[in-house]
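# Remarks on the overall topology
Here is how the chains run, residue by residue.
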Amino acid sequence: MKIREIILKSLIIIILCFVVFYIDSLEFLDSIETKIAILIIAFSKSVYFVVQNYFKIKESIEKNVPYHRYLLFMAINIGLLIISFGVDFYSLYKVCPESFALSEMPDSSVYQLFEFLYYSTLNMTNFGFGTTIPVTTTAKAITSLEIILSFIAIIFVLSDFVSLRDSIRKP
């Protein structure tokens, strides 16, 4: 597995959301178009991560990759998903602050980004929303995508790698 390649491709996808946020700051698109663009990017990225994980897992099985390398691959992917969705949530908040009900939001962009990375971590680990709650349909849809991906990731991590390898090898 080429971990650098996986990280580079994932970072490119994460940067896409910042591009949409930047385009919105230029007021090239209206708020609805920007929210739709963020939702499309989040959905496309989710499909990409699922497909990429499937093929990387299949490749790991075919090449008899040790279990610890498989776990490293999954840990990196989960981390990238958390960062990616955190950026999506942050961008959505910047475009439409009403998307989330927050008990308190700091003024600093760095702290705001941290808040949404924290929110994304809570979603990925299935601990719940904490003090951030999605309000708009777009925010709920992106949150749902992340929660679905977290279940998929948990299935891959908790499944017995040997059983998974044997089931894929069988015709």
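The present account deals with the structure reproduced in this document. (Residues numbered from 1 in each chain as written. Predicted model: local features only at pLDDT ≥ 70, side-chain atom pairs only at ≥ 80, totals over all residues. Heavy atoms only, no water.)

### Thoughts on the packing of aromatic side chains
Aromatic ring pairs are described here by two measures, namely the spacing of the ring centres and the angle between the planes. What counts is decided by this rule: Ring geometry is summarised as follows: Phe, Tyr and Trp rings, the Trp one being its six-membered ring, pair when their centres sit within 6.5 Å, and such pairs are stacked at plane angles under 30 degrees, edge-to-face over 60 and tilted between the two. Numbering of helices and strands runs from the N terminus, with a helix taken as a DSSP run of H or I at least four residues long and a strand as a DSSP run of E at least two residues long. Only protein chains enter the accessibility calculation, which uses a 1.4 Å probe; a residue is then buried when its area is under 20% of its type maximum, exposed when over 50%, and partly exposed in between. The rule for a charge over a ring is simple: NZ of Lys or CZ of Arg within 6 Å of the ring centre, and within 35 degrees of the ring normal.
Under the defined criterion, the tally for this structure stands at seven aromatic pairs. Measuring from ring centre to ring centre gives 5.8 Å for Phe89 and Phe100, while their planes differ by 90 degrees; the resulting arrangement is edge-to-face. Placement of Phe89 in helix α3 (residues 67–95) and of Phe100 in strand β1 (residues 100–102) is noted, with a sequence separation of 11 residues between them. We classify Phe89 as buried; its relative accessible area is 0%. Here Phe100 and Phe116 contribute two aromatic rings whose centre-to-centre distance is 5.0 Å and whose plane-to-plane angle is 55 degrees, an arrangement assigned as tilted. With Phe100 in strand β1 and Phe116 in helix α4 (residues 109–124), this residue pair connects regions lying 16 residues apart in the sequence. Here Phe116 falls in the buried class, since its relative accessible area comes to 0%. Here a set of aromatic residues connected by ring pairs shows up, and it is made of Phe85, Phe89, Tyr93, Phe100, Phe116 and Tyr119. Lys45 extends its terminal NZ or CZ atom over the ring of Phe85, reaching a point 4.3 Å from the ring centre.

### Examining the environment of Val87
The topology assignment puts Val87 in helix α3. Take Val87: its relative accessible area is 4%, and that puts it in the buried class. Spatially, the C-alpha atom of Val87 lies 8.5 Å from that of Ile15, the residues being 72 residues apart in sequence.

### Some thoughts on α4
As a reminder of what qualifies: Multiplying 1.5 Å by the residue count of a helix minus one yields the expected span of that helix. Polar contact is defined as a pair of N or O atoms within 3.5 Å, subject to the rule that within protein one atom must be able to donate a hydrogen and the other to accept it, and that residues adjacent in sequence are counted only when both atoms are side-chain atoms.
Taking 1.5 Å of rise per residue, 16 residues should cover 22 Å, and α4 covers 22 Å from first to last C-alpha, within 8% of that figure. Those residues of α4 that fall on the buried side of the exposure criterion are Gln112, Phe116, Tyr119, Ser120, Leu122, Asn123 and Met124. You can read the cap of α4 off the contacts: a side-chain oxygen lies 3.3 Å from the backbone nitrogen of Val110, and it is on Ser108. Directly beyond the C-terminal end of α4, a positive phi value near 60 degrees is found at Asn126.

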